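Remarks on the overall topology
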Amino acid sequence: MEPALLSPAHYKFFHIPVALFAVLIPLVGTAAFVFIMKRRLDPMLTAAPDSRWDRILGRVIKVLKIWLAQWRQPRYMTAGVLHIIIFAGFLILSVRSTTLVFLGFWDGFVFPGFGGAAGHVYAVLKDYAATAVLLACCVAAVRRGIFKPERYAVPKRYGKDHTGEAVFVLALIATLMISESLFEASLVAAQIQQLQPAEFLAPGSLAWIFRNMLVDTPITQLQSLHIGAYFVHDITFFFFLCFLPLGKHFHVITSLFNVFFMRLERGNIKPVLHGVADDQLDDLESFGVKQYQDFTWKHVLDFYSCADCGRCSDHCPANAVKRPLSPRFISIKGRDYAFNHFPLLGADQTKDDEYRLIGDVYDEDEIWSCTTCGACEQECPLGIEYIDKIVDLRRGMVEDGNVPQSLQKPLRALEKRGNPWGKVEKKRSAWVKAVAEECPVKLLEKGAEAETLYFVDSISSYDDRMQEIAQATAKTLDAAGVDFGILGKDEKDSGHDVRRFGEEMLFQDLRAQNTDAILESGARQIVTADPHAYNCLKNDYDGLPPVRHISEVLLEKIKKGVLKLSAANGDGKVYTYHDPCYLGRHNSLYEAPRKLLDAISGLERVEMLQNRDRSFCCGGGGLMLFYEPEEEQRMGVLRVQMAAAAGANVIVTACPFCLVNMEDAIKVAGMEGKLEAIDLCELVDRHTVA
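Cut-offs used in this document
- Residue positions within a chain follow its written sequence, with the count starting from 1.
- Only residues with pLDDT of 70 or above have their local features reported here, since the model is predicted, and side-chain atom pairs are shown and tallied only from 80 upward, although totals for entire chains, interfaces and linings are computed over all residues.
- Only hydrogens and water are removed before side-chain values are computed, so all heavy atoms of the structure are retained for them.
- Points on a 1 Å grid over protein atoms alone make up a cavity when a 1.4 Å probe fits among them but cannot get out, and a pocket when they form an open set with protein on both sides within 12 Å along at least five of seven lines; lining residues each have an atom within 4 Å of a point.
- Grid points are joined across faces, edges and corners, and a volume is the space filled by probe spheres set on the points.
- Amino acids outside the nonpolar list (Ala, Val, Leu, Ile, Met, Phe, Trp, Tyr, Cys, Pro) and the charged list (Asp, Glu, Lys, Arg) are all regarded as polar, and Gly is one of them.
- We call a set of buried Ala, Val, Leu, Ile, Met, Phe, Trp, Tyr and Cys residues a nonpolar core when their side-chain atoms join them within 4.5 Å.
- Buried means the residue's accessible area, taken with a 1.4 Å probe over protein chains only, is under 20% of the maximum for its type, while exposed means over 50%, and partly exposed covers the values in between.
- Helical segments are the DSSP runs of H or I of at least four residues, strand segments are the runs of E of at least two, and each set is numbered from the N terminus.
- Within this document, salt bridges are pairs made up of a side-chain nitrogen of Lys or Arg and a carboxyl oxygen of Asp or Glu, the two lying within 4 Å of each other.
- Distance and chemistry together define a polar contact, namely a pair of N or O atoms within 3.5 Å, with one atom able to donate a hydrogen and the other to accept it when in protein, and with adjacent residues in sequence counting only for side-chain atoms on both sides.
- The contact definition used throughout considers only heavy atoms, calling two residues in contact when any of these lie within 4.5 Å.
- Any two strands with at least two DSSP bridges between them are considered paired.
- Working convention: axes come from line fits to C-alpha atoms, limited for helices to the stretch in contact. Angles between N-to-C directions cover 0 to 180 degrees.
- Domain extents, as shown, originate in an automatic or database domain assignment.
- Buried area: the accessible area, evaluated with a 1.4 Å probe, that two parts lose upon being put together, summed over both parts.
- Aromatic contacts are taken between Phe, Tyr and Trp rings whose centres are within 6.5 Å, Trp giving its six-membered ring; a plane angle under 30 degrees counts as stacked, one over 60 as edge-to-face, and the others as tilted.

It is the rolling of a water-molecule-sized probe over the atoms that shows where space remains empty. Throughout the structure, instances matching the rule amount to four cavities of 30 Å³ or more. Taken as a whole, the largest cavity holds about 130 Å³ of empty space. For the largest cavity, the lining is made up of 16 residues, of which Pro420, Asp493, Asp497, Leu623 and Phe657 are closest to its centre. When grouped by side-chain class, the residues that make up the lining of the largest cavity number eight nonpolar, four polar and four charged.

Okay, structure coming up:
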């Protein structure tokens, strides 16, 4: 039986076989794509090393969850669902598009494994996928081009927005869907006209609709439409492939690899240079990132993978209070640099010795504005990392002596006295006197022994208000029957914020002193009420006993019946819990503090809109208590307003840095008498049954 229509492999145009063009288009397109990708890989090949080949199984699981299942997309429901439809459709139709390339010169080609019944099932699936993708593209184009969600906007200082490129790409995708469906529908319409067995088209699909529109069209026109649709699809396919590495849609290619190589652990900071041990740091000629080549290849891959979706900046607290930081543009400016200095044609332009990243690409205040809260990384659907880049940029600035004026004094104090206030070491345990009669606190510095070491850290040791947290912690530990002691003057600042500030060598010194003191104490476990100390001891130190947060210890004692709490007194107070960044997002400790609150019977607790992994930073991370940023409003003020909006009049936190900022914010916001802040340990201490 003669075919209803000639396939591209057999069709001739003015006696010229179109199969010739069907071969040339993929050859030229593939060659161009390989060339472009080679140039895009050049800055990665000259970048600093990064160790990302560990724990392969864990990385595969990340790919399956975050890339394939698009796990983070629905956090923005409308955009997320649209993206999932387009992404899933792309995966389904990739087989069809590949098949079409071969059909141009290989009549009857069937992709391996897609013959017989499997092929019929796939045909129905791809018909509906093409229809769904086209509809999603139309909705996305209207949403992006007309309604323009605020997170897509680009401030003038960062250049023009990418709406045009986004809509253009949606148009290319729509063209692929329409041309593929027309190619199929024109053949089926001709088969029906000639009373031949017709291919089944999924009812209601785009191809089905086109078939019904074309069923009475003359065969000659159907033949032209069939061939025309094929070449429109073929040319669009390879043009799209080569266009992707030229802009923000590069993530279509890089996202799989970026998710595979994303960080598997949170809370830690990358080493100064991968492959260089801490005891070899003195041998390095330079610290941190000063020039583009100092970024690691994973950082460059991050730049390429940014989809410009604005989710990171939308949840960045620094951006929310109008500090000069928008994480999204850390990536976009990094990508623009690579595109401009590693052009597709011409020599690399990276040999300028006078060039510096800070000043030429990034601004000083932009980098210092970050609180390292991790909201940007938690929100990114493609696994882009920001904290390590910012810390590396800070390392470079610190080495060059480029430190904000307000931070110079606490850094000198940390170096000299082991705490940012510069107070003498022997006063580190002065807070013990206030609770000496209620509970004994062992001083391990004097040779006492204890099962548990309570690591207090600097703010709770020296700040007059935060000493009350240390006292409440000691009392609750004693009530819970925990055998504990403190290091006293032998304890130094944990170095958590020092490291994230970029002062790596000072951190190394603080860590070494603390490690020696902790190991000499003989304690079998460490407990702390400070999430910054908790994160640092757990993730930045090596060889220590297990580290636990006070909420975990107290909850365990309550469950065992050792620690008993009285009921709330029915005074009409409504409590809400604020998740500290370094307890929640960085260490996934969300439930223990809440269960501890709920253990107080009769206590009324509500949740703020932004809670758990979407909690809003108080503004205290990364030595920010001492930094004087340029901002329109304090982060803490926004947070206490969220607490009030939730109907709470008491905001509970489990971090001394948060408590400082919450109490200050209540005053600044004029909410004194309407809202109060309290630490979790203080609240538990008030309800502890003697």
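Text resumes after the structure shown.
Before going further, it helps to spend a moment on the nonpolar core. Ranked by internal contacts, the top residues of the largest apolar core, which has 200 residues, are Tyr292, Leu357, Tyr362, Trp431, Val441, Tyr454 and Val652. Looking at this core, the element that brings in the most residues is helix α5 (residues 163-193), giving 12 residues.

Attention now goes to the pattern of salt bridges. Under the definition given, this model contains 49 salt bridges. Measuring nitrogen to oxygen at the nearest pair gives 2.9 Å for the salt bridge that ties Glu676 to Lys573. Of this pair, Glu676 sits in strand β11 (residues 676-679) while Lys573 sits in the loop between α23 (550-559) and β8 (574-578), and the two are 103 residues apart along the sequence. Residue class for Glu676 comes out partly exposed when judged on its relative accessible area of 29%. A network of salt bridges, in which partner residues are shared, links Lys270, Asp392, Arg395, Arg499, Arg500, Glu504 and Asp540.

The next thing to look at is the side chain of Asn419. Position of Asn419 relative to the elements: it lies in the loop between α17 (405-417) and β3 (442-443). For Asn419, the side chain forms a polar contact with the main-chain oxygen of Lys423, separated by 2.8 Å. With residues up to four places along the chain from it excluded, the contact list for Asn419 reads Ala413, Leu414, Arg428, Ser458 and Tyr462.

Attention now goes to the sheet that holds β3. Ordered by their spatial adjacency, five strands build an open sheet running β3-β5-β4-β6-β7, and the pairing between neighbours is parallel. The open sheet terminates on both sides in strands that have one partner only, identified here as β3 and β7 (547-549). Both strand β4 (residues 452-454) and strand β6 (residues 525-528) contribute to a ladder of three bridges, which runs parallel. What sits directly across from Thr452, in β6, is Gln525.

Spatial strand order, β9-β8-β10-β11: four strands in an open sheet with parallel pairing. Both outer strands of the open sheet, β9 (604-606) and β11, are each paired with one neighbouring strand and no more. Pairs of neighbouring strands in the sheet enclose a mean axial angle of 35°, with direction left out of account. As paired elements, β8 and β9 share three bridges and run parallel to each other.

Quick look at the domain arrangement of the chain now. Domain parsing of the chain yields domain 1 (12-45 + 71-246), domain 2 (288-402), domain 3 (418-559) and domain 4 (574-686). Of note, the centres of domain 3 and domain 4, computed from C-alpha atoms alone, are 22 Å apart. Listed as interface residues are 31 residues of domain 3 and, on the opposing side, 31 residues of domain 4. Summed over both partners, the interface of domain 3 with domain 4 buries about 2,600 Å², with 73% contributed by carbon and sulfur atoms. In this assembly, domain 3 and domain 4 are joined by three salt bridges. One can count seven residue pairs in polar contact (both at pLDDT 80 or more) joining domain 3 with domain 4. Of all elements in the fold, only α18 (458-462), α19 (467-479), α20 (496-501), α22 (531-539) and α23 reach the threshold of two or more residues within the side of domain 3 that touches domain 4.

On to the layout of surface pockets, then. Of the voids in this model, the largest pocket is the one considered here, and its volume is about 1,200 Å³. Lining of the largest pocket is provided by 43 residues; of these, His83, Ile86, Phe90, His251 and Val252 occupy positions nearest its centre. Secondary structure elements with two or more residues in the lining of the largest pocket: α3 (77-103), α4 (116-147), α5, α7 (219-243) and α8 (251-260). The dominant element in the lining of the largest pocket, judged by the number of residues it contributes, is α3, at 11 residues.

What the rule picks out here adds up to 30 aromatic pairs. A ring pair is formed by Phe111 and Phe114, whose centres lie 5.8 Å apart and whose planes are at 75°; its orientation type is edge-to-face. Overall, Phe111 belongs to the partly exposed group, its relative accessible area being 27%. Take Phe114: its relative accessible area is 28%, and that puts it in the partly exposed class. With a centroid separation of 5.0 Å and an interplanar angle of 85°, the aromatic rings of Phe237 and Phe238 are classed as edge-to-face.

The next subject is the pairing of strand β10 (residues 650-653). Burial of the side chains of β10 extends over both faces: Val650 and Val652 are buried on one face and Ile651 and Thr653 on the other. With four bridges joining them, β8 and β10 adopt parallel strand pairing. Bridging from a neighbouring strand, Thr576 pairs with Ile651 of β10. Both β10 and β11 contribute to a ladder of four bridges, which runs parallel. Bridge pairing links Val650 to Glu676 in β11.

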